[in-house]
Amino acid sequence: MVRVLEISWLVRSLRNVHTHTHTHTHHCQLFSLLFLYHLRLSEENLMDVSMRFRREMDKGLGRDTNPTAAVKMLPTYVRSTPDGTESGDFLALDLGGTNFRVLLVKVSANGKQTVEIENQIYVIPETLMRGSGSEQLFDHIAECLANFLDKLNIKDKKLPLGFTFSFPCQQTKLDESFLVTWTKGFRASGVEGKDVVGLLRKAIRKRGDFDIDIVAVINDTVGTMMTCGYDDHHCEIGLIVGTGTNACYMEEMRNLELVEGDEGRMCVNMEWGAFGDDGALDDLRTDFDREIDAGSLNPGKQLFEKMISGMYMGELVRIILVKMTKEGQLFQGRTTPQLLATGHFKTSYVSAIENVKSGLCYAEQTLRDLGLEPSEEDCVAVQRVCQIVSTRAAHLCAASLAAVLRQIRDNKALDRLRTTVGVDGSVYKNHPVFARRLHKMVRRLVPDCDVRFLRSEDGSGKGAAMVTAVAYRLAKQHIERQQILDSLRLDRDQLRCVMRKMEAEMQRGLARDTHATASVRMLPTYVRSTPDGTEWGDFLALDLGGTNFRVLLVRVRSGKRRNVEMHNKIYTIPQEITQGTGEELFDHIVHCIADFLEYMGMKGAALPLGFTFSFPCHQNSLDQGILLNWTKGFKATGCEGEDVVALLKDAIHRMEDFDLDVVAVVNDTVGTMMTCGYEDPRCEVGLIVGTGTNACYMEEMRNLELVEGDEGRMCVNMEWGAFGDDGALDDFCTPFDRAVDESSTNPGKQRFEKMISGMYLGEIVRNVLLDFTAKGLLFRGKLSERLKTRGIFETKFLSQIESDRLALRQVRSILQHLGLTSSTCDDSILVKEVCSVVARRAAQLCGAGLAAVVERIRQNRGLQNLSVTVGVDGTLYKLHPHFSAIMRETLRDLAPQCDVTLLQSEDGSGKGAALITAVACRMRGSRK
């Protein structure tokens, strides 16, 4: 069906060509155009070609399939496009033929981007091109380079240089490229298989009269993308359609299996001219294409290029004209020696003949120059042949480019892609309608991509300088960023120092004489035992730590059916009650308890109750907690300085509906230890790393100078978030920590917590990002108003950003949410690194603190090795993908004699309070 439509199109097109043509000639020319119909490719054909090309791209990207792939997808080690902040003087060397150029490129970014270029062309003598020994060729290049530097009087400067080397190479680093094979008439021996950068460096060193820093070696396609990328930051594709054809684009590292690493992007040199060398295009290649290939210097190679590029387009037209002439369809069947001679119909003729105004005149003149005597109809037919050949070339180019655009769009998971293609090459620039046909077909094949085509100026020269400028910018910025981030990185000695300081503060908090001034308060909890598995009974738990609170019924069973069963209901405390009187607050709590007992069908029941009260308290016994001060927005009067258990009992008595035995008042850290202690009897430490952070552990009574008695153990609530409030951590605090502290609601307080917990990590990251942006190291120095907002960078973002290998996409969406809509892939990588460094430090500090705790337990008991379990709770610990592993690694390193198991707690504040009550009841019963 497709071919029938094409034939009808060709018939119509002929009628439009020349309405007054003689009938006999009309039939001849109709036959000749039908004869060419299979050079026409429908949109359906082109979509199929595009899909084939995408499959070839995948083969080239895969480690296992790359060796047999026709489209090689070579890594270039160019990891970033220009961002407009590049500046400096750069040398470029452009070697791709018998002439080569040396350029000085001055790049300026002060206010507006400008590029000034000075260059000199040098000739490579044929004796050196075909000579023996690599040294002579590169000695000549070094000599020309010295001459150029002399002329500009810059020989004493060590400038960075970018080297455009347009021959097939295997690249292993940005500044290392091994020549695979010479082309374009070069035959200099001793170069193939060698690193061309190394050969050039050796020649320069041998001279000894100047020095340069060779930063990058690239090909002209990459240079085109980089040149255009300087003018348009959306440019991420380079395309050349000239003597040859090729393309490159920025590919996600995760898809590039030939190169280590998953993060960021790298420019891939596709070498797409070889598409079809494996037979993938055999059904679309015509007899004319086969004839061109057979007569070429490299039969069976670069088959796609031979259907598109300027080296072959004119010759393809000549072969077609010869065939038509021999069949009597042109020039009355008469050929000439000039027409039969290979290479006598140049691609530049095709461009001139297709000119709308002068094309037919030029066709007549060209044909006469070939010794022919064309009729007007012959000229029209030749023009049409040129149109068909160049249109096919433009459309094939569009089909492969559409595949690249789809790849980029899918990589970014976008519904609509906006991008720019940098283009260079004589066919694209000189042919009157090639570019228009290419653009139009690309837009038809990928309507969901908004594509801008930007013509490159001097991609091979200026482009090499731009790659070098970008590499220099990245290196300089990397050093500056790492210096800043190094302040947030802690080495082993620093972590050991933190551990020792924590040990010292713990001792101060335990001693009667120093307790009052200790930053780590080491508060007695009067919890004297962890669960032993014999606990049994029904217990109520009350969990009050914010405007929502819970009432729980916890059924603890021992023996063979040992388990814990929980029922709970959440209640709200209205704001007017949190701001009212203490009586109103505790009356409301008791009403909610009564509602819960009725809801559970236990109205009037008298049960033991554990009270998790997560506000700062001083305890003198297990069932007494003196509120030191309200936090979290509570301001109920008549509570501070009072025993909260007494206030609760008073409210129960006022109601006269039920009675409860308030056995224990605890905080959530102790609850966490007790919950895990029920599952694992070795659990003697509790740790919370969530919105805040704290720890508790079982201390020997003989060391607890604040409590009477030397026998047994008691759980100590460390309140370690305040570690460093006395200046102990000043050496480890960065300007970012100080900024977070100063803008907090409690400056100078909870310094350790502010370096670790979920309430503050996002804010530390935000301050680092602000600093980087102000120094031009991030977001091109442009700040969004939203990022200036305190608390806008939530700690949950750290967990999301580090969660999976598609994280850069996650980073991009978070940055867009923060108003940074034009952030780049490089920005995303850096934001991820900042998050990683800040979270790693938090986990290491936590590990150092925990190491001090377990070491103290080991030394208390005089053990060579300690085996202990730590019960852990908190959103940061649970949700961050690497926090627990880093903490464990630090702990193992700092406390090698302690075998520590980290056990994640479930509902320490509810279930834990009930278990403390159950243990207290068990111990009370055993004393009786």
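Residues numbered from 1 in each chain as written. Predicted model: local features only at pLDDT ≥ 70, side-chain atom pairs only at ≥ 80, totals over all residues. Heavy atoms only, no water.

The name given to the protein chain in an unreviewed UniProt entry is Hexokinase-2, with Electrophorus electricus as the source organism. Its UniProt record gives the protein chain the following Sequence similarities (unreviewed entry) comment, quoted word for word: "Belongs to the hexokinase family." The UniProt entry for the protein chain carries the following comment under Subunit (unreviewed entry): "Monomer. Interacts with TIGAR; the interaction increases hexokinase activity in a hypoxia- and HIF1A-dependent manner." (UniProt positions renumbered as here; feature names shortened; annotations may be inferred.)

Draft legend 1. Molecular detail of the sheet that holds strand β5 (residues 160-165). Taken in spatial order, the 5 strands make up an open sheet running β4-β3-β2-β5-β8, and their pairing is mixed. At either end of the open sheet lies a strand with only one pairing partner, and these are β4 (114-123) and β8 (213-218). Averaged over neighbouring strand pairs, the angle between their axes works out to 20° when direction is ignored. When strand β2 (residues 88-95) meets strand β3 (residues 99-108), the two strands line up antiparallel, connected through 8 bridges. For L93, the partnering residue across the bridge sits in β3 and is V102. Those strands touched by helix α6 (residues 196-207) are β2, β5 and β8, and its axis lies near 150° from that of β8. (Pairing = 2+ DSSP bridges. Helix = DSSP H or I, 4+ residues; strand = E, 2+ residues; numbered from the N terminus. Axes fitted to C-alpha atoms, helices over the stretch in contact; angles between N-to-C directions. Contact = heavy atoms within 4.5 Å.)

Draft legend 2. Molecular detail of the sheet that holds strand β18 (residues 608-613). One open sheet holds the 5 strands; their spatial order is β17-β16-β15-β18-β21, and the pairing between them is mixed. In this open sheet, the two edge strands, each paired with only one partner strand, are β17 (563-572) and β21 (661-666). Averaged over all pairs of adjacent strands, the angle between strand axes in this sheet comes to 20°, irrespective of strand direction. Where strand β16 (residues 548-557) and β17 come together, 10 bridges link them in antiparallel fashion. Each residue of the ladder has a partner; that of V554, found in β17, is M566. Running at roughly 150° to β21, helix α21 (residues 644-655) makes contact with β15 (537-544), β18 and β21 of the sheet.

Draft legend 3. Molecular detail of unusual backbone geometry. Even without a glycine there, the phi angle at Q332 is positive, about 55°. Mapped onto the secondary structure, Q332 falls in the loop between α10 (310-326) and α11 (337-340). Taking the relative accessible area as the measure of exposure, Q332 reaches 68% and is therefore exposed. The phi dihedral of E719 falls on the positive side, at around 50°, and the residue is not glycine. You can see E719 is positioned in the loop between β24 (713-717) and α23 (735-742). (Buried < 20%, exposed > 50% of the residue type's maximum accessible area, 1.4 Å probe, protein only.)

Draft legend 4. Structural context of the nonpolar core. Within the largest apolar cluster, 117 residues are counted, with the highest numbers of intra-cluster contacts made by L687, Y697, M718, F793 and V831. For this core, the element with the highest residue contribution is helix α28 (residues 825-860), accounting for 19 residues. Residues L36, L103, M313 and L321 belong to the second largest nonpolar core, which totals 112 residues. (Core = buried A, V, L, I, M, F, W, Y, C linked by side-chain atoms within 4.5 Å.)

Draft legend 5. Main features of the state of the cysteines. All chains considered together, the criterion is met by 0 disulfides. Its sulfur unpaired, C386 is 11 Å from the next cysteine sulfur, which belongs to C379. Judged by its relative accessible area of 0%, C386 falls in the buried class. Free cysteine C683: the closest other cysteine sulfur is in C676, separated by 5.0 Å. For C683, a relative accessible area of 0% corresponds to the buried category. (Disulfide = S-S within 2.5 Å.)

Draft legend 6. Representation of helix α7 (residues 220-231). Under the 1.5 Å per step criterion, the end-to-end length of α7 is 17 Å for 12 residues, consistent within 8% with the ideal 16 Å. Along α7, 10 of the 12 residues are buried, which leaves the element largely enclosed by surrounding structure. Where α7 is concerned, the buried positions are T221, V222, G223, T224, M225, M226, T227, C228, G229 and Y230. The opening residue of α7 is N219, an N-cap whose side-chain oxygen sits 3.2 Å from the backbone nitrogen of T221. (Expected span 1.5 Å × (residues − 1). Polar contact = N/O pair within 3.5 Å; in protein donor to acceptor, adjacent residues only side chain to side chain.)

Draft legend 7. Just the pattern of salt bridges, in detail. The tally for this structure, following the rule as stated, stands at 61 salt bridges. Where K754 meets D741, a salt bridge forms, and the shortest distance between an N and an O atom there is 2.7 Å. Of this pair, K754 sits in helix α24 (residues 751-756) while D741 sits in helix α23; the two residues are 13 residues apart in sequence, bridging distant segments of the chain. Residue K754 shares its accessibility class with D741, and that shared class is buried. Ionic contacts of the salt-bridge type, sharing partners, join the residues E684, E700, R702, R713 and R861 into one network. (Salt bridge = Lys/Arg side-chain N within 4 Å of Asp/Glu carboxyl O.)

Draft legend 8. The side chain of D424, seen in detail. Its location among the elements puts D424 in strand β12 (residues 417-424). Engagement of the side chain of D424 in a polar contact is seen with the side chain of K429, the distance being 2.9 Å. Setting aside anything within four residues of it in sequence, one finds D424 in contact with T224, L239, I240, V241, K429, S456, D458 and G459.

Draft legend 9. Focus on α21. Here α21 spans 17 Å end to end across 12 residues, near enough to the 16 Å set by a 1.5 Å rise per residue. Three or more residues of α21 are buried, namely V644, V645, L647, L648, A651 and I652. Angular distribution of buried residues about the axis of α21 spans 165°; they occupy a single face of the element. On its buried face, α21 is in contact with β15, α20 (582-599), β18, β20 (624-627) and β21. Backbone geometry just downstream of α21 places E656 in the positive-phi region, at approximately 55°. (Arc of directions from axis to C-beta.)

Draft legend 10. Inspection of the pairing of strand β19 (residues 617-621) at higher detail. As paired strands, β19 and β20 are joined by 3 bridges and run antiparallel to one another. Looking at the pairing, C617 lines up with L627 of β20. Between the end of β19 and the start of β20, which pair antiparallel, lie 2 residues.

Draft legend 11. Representation of the environment of W272. By secondary structure assignment, the location of W272 is in the loop between β11 (265-269) and α8 (287-294). Remark: the alpha-carbon pair of W272 and M923, spanning 651 residues in sequence, is separated by 80 Å. Contact partners of W272, with chain neighbours within four places excluded, come to F53, V71, L239, T245, N246, A247, F304, C397, S400 and L401. For W272, the side chain forms a polar contact with the side chain of T245, separated by 3.1 Å.

Draft legend 12. Looking closely at the packing of α7 against helix α17 (residues 462-486). For the pair α7 and α17, interaxial distance at closest approach is 7 Å and the crossing angle is 70°. As the angle between them shows, α7 and α17 are arranged roughly perpendicular. For α7 against α17, the interelement crossing comes out left-handed. Contacts between α7 and α17 pair V222, G223, M226, T227, Y230 and D231 from the former with K462, G463, M466, V467 and V470 from the latter. Among the residues forming the contact of α7 with α17, the class breakdown is 6 nonpolar, 3 polar and 2 charged. (Parallel < 35°, antiparallel > 145°, perpendicular 65-115°, else oblique. Left-handed = near helix turned anticlockwise from the far one by under 90°. Nonpolar A, V, L, I, M, F, W, Y, C, P; charged D, E, K, R; others polar.)

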